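# Topology and contacts: notes
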2 protein chains.
Amino acid sequence: MTVLEKINSPKDLKKQTIESLNVLAEEMRKALIRKVDTTGGHMGPNLGMVEVTIALHYVFNTPSDKIIFDVSHQCYPHKMLTGRREAFTDPDKYGTVSGYTNPEESPYDLFKVGHTATSISLACGVAKARDLQGGHENVVAIIGDGSLSGGEAYEGLNNAAVLGSNMIIVVNDNEMSIAENHGGLYSNLRLLRETSGEAECNFFKAIGFNYHYIADGHNLEDLISVFQSVKDTQHPTVVHIHTIKGKGLSVAEADKERFHWIVSGEVESAQSNQQAEKSEDYSTITRTFLEKKCQEDKRVVVISPATPGATGLTKDFRKKAGVHYTDVGIAEEHAVAFSSGIASAGGKPVMMVLSSFIQRTYDQLSQDLALNKNPATILVFWGGLSGADATHLGSFDIPMISNIPNIVYLAPTTKEEYIAMLNWSMNQTEHPVVIRVPSGEVVSSGTPDETDYGVLNRFKVVEKGQDVAILGLGNFFELARTVHRKLADDFNIHSTLINPIYMTGLDETLLNELKSNHKLVVTLEDGQLDGGFGEKVARFYGCSDVKVLTFGGRKEFTDRMPESVLFERNHLIPEQIVLDINSVLKKGY
Amino acid sequence: MTVLEKINSPKDLKKQTIESLNVLAEEMRKALIRKVDTTGGHMGPNLGMVEVTIALHYVFNTPSDKIIFDVSHQCYPHKMLTGRREAFTDPDKYGTVSGYTNPEESPYDLFKVGHTATSISLACGVAKARDLQGGHENVVAIIGDGSLSGGEAYEGLNNAAVLGSNMIIVVNDNEMSIAENHGGLYSNLRLLRETSGEAECNFFKAIGFNYHYIADGHNLEDLISVFQSVKDTQHPTVVHIHTIKGKGLSVAEADKERFHWIVSGEVESAQSNQQAEKSEDYSTITRTFLEKKCQEDKRVVVISPATPGATGLTKDFRKKAGVHYTDVGIAEEHAVAFSSGIASAGGKPVMMVLSSFIQRTYDQLSQDLALNKNPATILVFWGGLSGADATHLGSFDIPMISNIPNIVYLAPTTKEEYIAMLNWSMNQTEHPVVIRVPSGEVVSSGTPDETDYGVLNRFKVVEKGQDVAILGLGNFFELARTVHRKLADDFNIHSTLINPIYMTGLDETLLNELKSNHKLVVTLEDGQLDGGFGEKVARFYGCSDVKVLTFGGRKEFTDRMPESVLFERNHLIPEQIVLDINSVLKKGY
């Protein structure tokens, strides 16, 4: 029997010697490597946190004491020690836990989290509720050095420092964000590492924390000793721990960015020195376009809030781009304001961000950018309904962005449209422009797009028909085309097919014209219906005789729901759509 | 001729002696006091920045050198020195400038701003654009100590520190936010003040800044000397200046919070020791309710992100509430996450925030709160169409909040409903609840409301009629009632009058029932139509024979537009609404 097999809950840990805890760490690491390389997932962050997690559960009494993870990229060892071991050791049970903390999964998990920089703020709340109710349990917030660049983390630090009661913040400093770190804070973390935490100029002390430094975050004795010393402290305390991202897996230690999150089989690929060949997708198209722009125009700046890899900005791109590339760290709010500032002063910013993370910038989009009408370009990746984890859905960007005044939000349907929009956006000086980068396979029309996108809100009529008009937005234009064909094939309905392009305004002239020979307008959008595009069309036709049928996603947080299920329940299968259309036509007229 | 009359642009300043600059400061201060006490506006912040602003314009060469204000509460002296003097000296011209910086007003203003914590991030962008284009002008960001608690400010500091070129951040430390400061940072600012900037443990130095301290921010020679020494620096630099909020007006120095922003006549009231009697409004109702709750239930915490005064939380309330009140500083993101954390651990958080500032928390509402379904209560004040400045509009909260899954967003129409909702929200454990506190005069039904708001999305039918149903949401319910009466009086139409209450879900049963004897459903909402409530109703009826007419605001940033104009252009006058309804009825049927 392995040590790991003996650990059914953290209390089993407390019986172990240091020697067997060290054996346990090795067993956990091996299981993690095997599991993550099989299913894909976060590799480096978890390998780095094995000993820290063992020591935390050895010293503190969870779930009475509370451990709150940030982003929860690093929670797998915690799951292994809190009754969910088999999800990491038994291949048949690999799918039984999610990649993030989840209170529905375990009482040891306090929050569903997948966005960064939240742990300290959430922990402050947990501590405040404890204090009001007269509790005495420890509240431990875990945060990575990368997440410390996020404003919400700082707001949390600032308030944790004045709570006046127990609060322990574990800073897991692996000298990395997803990619390398950027920002002034990191010079202080380096200074603290170099001085073994002794430097007088200390970011955490300045804010009011007691401070402890652990130079080797893989030494269980050191970890346990410091955690024991801070347990039950009544003063806000930071434990700054130096760890190695990817610890114990040489390819992951060597290429920390590549092994932050991996797909299945990556370890073997790396060990045999292979890098997956990447076929053309919208990331590579974007990168190729921007490489050229950076060379041609000294005013261009490509901006990433710490997610260059996810948006196609390879190390090679970043190196070549030089001053034309800025990674601002995990600081999406700053990224938008920074872009607005650049655009206001004659620069050509292109910010690249995932749909789920642009959510962090509503007010910056509104106040810093849109109100000022600065001509920045923002590219939103991974927008659309998907089988993603509940914390990384791409279904909310249309409702969030398209209802902000002054922004032009565009939905290209082909590579050529996308490039034409990029060119237009970077050359114009009137509008803040957001482009929803298509997801899925590249669609090419084969001919350059000459549209002047500065003539706002002009939809493209792709096929002229009658009775039914289908507006297929962005990613769903090809679905609309399928429906258009199927209506003809199955019901002899020759519908009008429209590519609306603009999510921030209607082509009222066209929509009015449709009234003359259309009974039904159908909208298809790859995102949540509530607050989205279809509702605007429904409002437009509210007082007319034209009926409107809207297709898109329900208002909900789905969690790793297979796309086939998701599409079927939302009536997004072509057969369903065609039947729904036919049913309205039959009923209404 | 006064000195001030000689200053038509900053270059006129440069000819003056220190003596005449000091005279100028006094002249400016007198004009400011007279003007602001006449029109209302920001008093304390501007009085504190007179000398700093003179010194900045004396040393730097604006508009070539760039000065970027944070929140721009403190920009009046800047306006006086940059060609807009008469807006402060000539009562006939008091209305010619806005209370915030505005590039449309002057080339010396770089951004429209009214939300906090943005200046450093925007300045980083301006500096980056300068560097790419080979410019050499100075970029100066101004920020108050209060704003430094905002995450966006920190994200900006973190990146300003690594820009590698000229960037000067002026920290105006008046030891106050709007109310008093809260957070760990402020202990460091105090330490720096107490050591004349000499303490080794320095927040700004930790992040990588060169650092200068000016103990007397009203001493022009000191200010000029330090600004001259940092001008053209190629290293990121913080100039930390201690100023006195309200400097030169004794009542404002004595009560800094009261004189942060004042209404017309406040100086005289304060000098004669009067405090305006406050009649009952929704702020006082809220305060009275929460006072009782704080006494009755130890789990209650009232949370303000640095705007207690604007939401009715008087000094007296805060003192009495003790541990049941937390001001988190200007840190709205943290406030939402903190509330979620408290609710997750059995506390009863009630966060109070202005509509315009809840915009800063989209992702925290979505991820930290709604995804976790924690039963926090958030009260949104000042929601609705208004004559406010473009930076403080309350027209976007319905589109922003109501499209986030899992949130229950309520629109009470009377005092009794509001109190019943507060009680329900604080007693339930299932939902994150947001309540849009009514604006305008208190409406009372006279009888306690016994509704169980846990039965979600059940609209209240107030008057049964036929043909037309009017859904009057929240603030606009009384408008709906007027329209209801007028339809009867003018056109003999006996309409159905409905109070929808819920902004996050439709009463589908009721809406389906209406189909049987209603031709038209009218929605009235006090906010932007795009993404709002009416569009959901229009989508619901999209395929039916019921027509939908939606009333609300256009998608736009209005700027101090008189409400009469705003309402008329949006067809929100009862006469207009009734005519529109009648016109649809006549046309359609």
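Residues numbered from 1 in each chain as written. Chains lettered and ligands numbered in written order. Predicted model: local features only at pLDDT ≥ 70, side-chain atom pairs only at ≥ 80, totals over all residues. Heavy atoms only, no water.

What follows deals with the overall build of chain A. What chain A contains, in helices and strands, is 26 helices and 18 strands. Taken over the C-alpha trace, chain A has a radius of gyration of 26 Å; the compact-globule value for 589 residues is 25 Å, and the two agree within 12%. Here the analysis covers contacts within chain A between residues at least 6 apart in sequence; of these, 76% occur between residues at least 24 apart. Carbon and sulfur atoms provide 47% of the accessible area of chain A, an area that totals close to 19,500 Å². Across chain A, 56 positive and 75 negative side-chain charges occur, with their mean positions spaced 2 Å apart. (Helix = DSSP H or I, 4+ residues; strand = E, 2+ residues; numbered from the N terminus. Rg over C-alpha atoms; globule rule 2.2 N^0.38 Å. Contact = heavy atoms within 4.5 Å. Areas by Shrake-Rupley, 256 points an atom, 1.4 Å probe, with all protein chains shown as cover. Lys, Arg positive; Asp, Glu negative; His and termini not counted. Charge placed at Lys NZ, Arg CZ, Asp CG, Glu CD.)

Expressed as a screw operation, the relation of chain A to chain B combines 0.0 Å of axial shift with a rotation of 180°, fitting to an RMSD of 0.0 Å. Both copies are brought into coincidence by an operation consistent with a two-fold rotation axis. (Least-squares fit on C-alpha atoms with pLDDT ≥ 70 in both.)

Turning our eyes to something else, we now look at helix H3 (residues 18-39) of chain A. Residues and elements named next belong to chain A. Between its first and last C-alpha, H3 extends 31 Å over 22 residues, near the 32 Å set by a 1.5 Å rise per residue. Every buried residue of H3 is listed here: Ser20, Leu21, Leu24, Ala25, Met28, Arg29, Ala31, Leu32, Ile33, Lys35, Val36 and Asp37. At the exit of H3 stands Gly40, carrying a positive phi of roughly 80°. (Expected span 1.5 Å × (residues − 1). Buried < 20%, exposed > 50% of the residue type's maximum accessible area, 1.4 Å probe, protein only.)

Below, the discussion takes up helix H19 (residues 362-370) of chain B. Because the α-helix completes a turn every 3.6 residues, residues three or four places apart line up on one side. Buried residues dominate H19(B), accounting for 9 of its 9 residues. All of the buried residues along H19(B) are Tyr362(B), Asp363(B), Gln364(B), Leu365(B), Ser366(B), Gln367(B), Asp368(B), Leu369(B) and Ala370(B).

Moving on, we come to the interface of chain A and chain B. Listed by partner, the interface residues are 108 residues for chain A and 108 residues for chain B. In this assembly, chain A packs against chain B so that about 8,700 Å² is buried in total across both faces, 56% of it on carbon and sulfur atoms. For the pair chain A and chain B, the number of links is 10 salt bridges. A salt bridge links Arg539(B) to Glu535(A); the shortest N-O distance between them is 2.9 Å. If you look at where chain A meets chain B, you find 48 residue pairs in polar contact (both at pLDDT 80 or more). Sort the elements by how many residues they give to the side of chain A that touches chain B and helix H17 (residues 332-344) of chain A lands first, with 9 residues. The residue makeup of the side of chain A that touches chain B, split by class, is 43 nonpolar, 42 polar and 23 charged. (Buried area = accessible area lost by both parts, 1.4 Å probe. Salt bridge = Lys/Arg side-chain N within 4 Å of Asp/Glu carboxyl O. Polar contact = N/O pair within 3.5 Å; in protein donor to acceptor, adjacent residues only side chain to side chain. Nonpolar A, V, L, I, M, F, W, Y, C, P; charged D, E, K, R; others polar.)

A few words on the packing of aromatic side chains. Throughout the structure, instances matching the rule amount to 27 aromatic pairs over all chains. Taken together, a centroid distance of 6.1 Å and an interplanar angle of 40° make the contact between Phe203(A) and Tyr154(B) tilted. Separated into two different chains, Phe203(A) in helix H11 (residues 203-207) and Tyr154(B) in helix H9 (residues 151-160) make up a pair that spans both. When sorted by exposure, Phe203(A) lands in the same class as Tyr154(B), which is buried. Centre to centre, the rings of Phe204(A) and Tyr211(A) are 6.1 Å apart; their planes meet at 15°, and the pair counts as stacked. The two residues Phe204(A) and Tyr211(A) agree in class, both being buried. Through a chain of ring-to-ring contacts, three or more aromatic side chains come together here, namely Tyr154(A), Phe203(A), Phe204(A), Tyr211(A), Tyr154(B), Phe203(B), Phe204(B) and Tyr211(B). (Phe/Tyr/Trp six-rings, centres within 6.5 Å; stacked < 30°, edge-to-face > 60°.)

Tracing the chain through its elements places Thr504(B) in the loop between strand E16 (496-499) and helix H23 (508-514). Owing to a relative accessible area of 12%, Thr504(B) belongs among the buried residues under this scheme. A distance of 2.9 Å separates a polar atom in the side chain of Thr504(B) from the backbone nitrogen of Tyr409(B). Residues contacting Thr504(B), with those up to four places away along its chain left out, are Lys555(A), Ser402(B), Ile407(B), Val408(B), Tyr409(B) and Asn457(B).

Sheet strands line up and pair through hydrogen bonds in the backbone, either parallel or antiparallel. Residues and elements named next belong to chain A. Strands sit in the order E9-E8-E10-E11-E13-E12 across an open sheet of 6 strands; the sheet is parallel. Taken across any chain shown, the strands that pair with only one partner, and hence form the sheet edges, are strand E9 (325-327) and strand E12 (408-410). Taking the axes of each pair of neighbouring strands and ignoring which way they run, one obtains an average angle of 20° across the sheet. Relative to strand E10 (residues 348-354), strand E8 (residues 300-304) is paired through 4 bridges, and the arrangement is parallel. Paired with Val302 across the bridge in E10 is Val350. (Pairing = 2+ DSSP bridges. Axes fitted to C-alpha atoms, helices over the stretch in contact; angles between N-to-C directions.)

Chain-level statistics for chain A give a pLDDT mean of 96 and a share of 99% at 70 or above. Scored as a whole, the predicted complex attains pTM 0.97, and scored at its interfaces, ipTM 0.97. (pLDDT = per-residue confidence, 0-100.)

Residue and element names in this part refer to chain A. Residue Pro63 follows Thr62 across a cis peptide bond; omega there is 0°. In this structure, Asn492 is a non-glycine residue whose phi angle is positive, near 60°. Mapped onto the elements of the fold, Asn492 is located in the loop between helix H22 (477-491) and strand E16 (496-499). Its relative accessible area of 58% is what places Asn492 among the exposed residues.

Looking now at the packing of H17(A) against helix H19 (residues 362-370) of chain A. Residue and element names in this part refer to chain A. Contact geometry for H17 and H19: axes closest at 9 Å, N-to-C directions at 15°. Between H17 and H19, the angle falls in the class roughly parallel. Judged by the sense of rotation from one axis to the other, the crossing of H17 with H19 is right-handed. Counting all contacts with H17, which are made through Glu333, Val336, Ala337 and Ser340, the residues of H19 involved are Gln364, Leu365, Asp368 and Leu369. Each residue belonging to the contact of H17 with H19 can be placed in one class, and the counts come to 4 nonpolar, 2 polar and 2 charged. (Parallel < 35°, antiparallel > 145°, perpendicular 65-115°, else oblique. Left-handed = near helix turned anticlockwise from the far one by under 90°.)

All names here are of chain A. For Asp232, the position within the fold is in the loop between helix H12 (220-230) and strand E6 (237-242). Under the relative-accessibility criterion, Asp232 is labelled partly exposed at 44%. As for Asp232 and Ile168, which are separated by 64 residues in sequence, their C-alpha atoms are 9.1 Å apart.

This part is about the state of the cysteines. In the structure shown here, the tally under the stated rule is 0 disulfides over all chains. You can see Cys294(B) has no disulfide; the closest cysteine sulfur is in Cys124(A), sitting 19 Å from it. Of the residues examined, Cys294(B) reaches a relative accessible area of 8% and is grouped as buried. (Disulfide = S-S within 2.5 Å.)

Another point: the nonpolar core. Judged by nonpolar contacts, the single largest core of 244 residues is most densely connected at Ile169(A) and Ile169(B). With near-sequence residues (within four places) excluded, Ile169(A) lies in contact with Ile120(A), Ala141(A), Ile143(A), Leu157(A), Ala160(A), Phe209(A), Thr237(A), Val238(A) and Val239(A). (Core = buried A, V, L, I, M, F, W, Y, C linked by side-chain atoms within 4.5 Å.)

All names here are of chain B. Strand order in this open sheet of 6 strands is E9-E8-E10-E11-E13-E12, and the pairing throughout is parallel. The open sheet has two edge strands with one neighbour each: strand E9 (325-327) and strand E12 (408-410). Adjacent strand axes in the sheet meet at a mean angle of 20° when their direction is disregarded. Pairing geometry for E12 and strand E13 (residues 433-436), over 3 bridges, is parallel. Paired with Tyr409 across the strands is Val434, a residue of E13.

With that out of the way, let us pick up the pairing of strand E8 (residues 300-304) of chain B. For a regular strand, side-chain orientation follows a simple rule: the groups alternate between the two sheet faces. All names here are of chain B. Of all 5 residues in E8, 5 are buried; the element is thus mostly enclosed. Here E8 shows a buried face lined by Val300, Val302 and Ser304 and a second buried face lined by Val301 and Ile303. Sheet topology note: the E8/E9 ladder contains 3 bridges and is parallel. Counterpart to Val302 in the pairing with E9 is Tyr325. Where the polypeptide runs from E8 across helix H16 (residues 315-321) and back to E9, its parallel neighbour, the crossover connection is right-handed. (Right-handed = clockwise from strand over helix to strand, strands pointing away.)

Residues and elements named next belong to chain A. Residues Glu19, Asp216, Glu221 and Asp222 make up a contiguous surface patch of negative charge. Here Asp216 is to be found in the loop between strand E5 (210-214) and H12. Classification of Asp216 by relative accessible area gives partly exposed; the value is 35%. (Patch = residues over 30% accessible without salt bridge, like charges linked within 9 Å, V, L, I, M, F, W, Y side chains within 5 Å.)

Residues and elements named next belong to chain A. By the secondary structure assignment, Arg85 is in the loop between helix H6 (76-81) and helix H7 (86-89). The buried charged residue Arg85 lacks any salt bridge partner; its closest oppositely charged side chain belongs to Glu86, at an N-O distance of 4.2 Å. Within the structure, Arg85 has its side chain in polar contact with the backbone oxygen of Glu5 (distance 3.2 Å). Once residues lying within four places of it in the same chain are set aside, the contact partners of Arg85 are Leu4, Glu5, Ile7, Asn8, Lys79 and Met80.

A few words on the packing of helix H24 (residues 533-540) of chain A against helix H24 (residues 533-540) of chain B. For the pair H24(A) and H24(B), interaxial distance at closest approach is 8 Å and the crossing angle is 75°. As judged from the angle between their axes, H24(A) and H24(B) are roughly perpendicular. Here H24(A) contributes Glu535(A), Lys536(A), Ala538(A) and Arg539(A) to the contact with H24(B), which in turn contributes Glu535(B), Lys536(B), Ala538(B) and Arg539(B).

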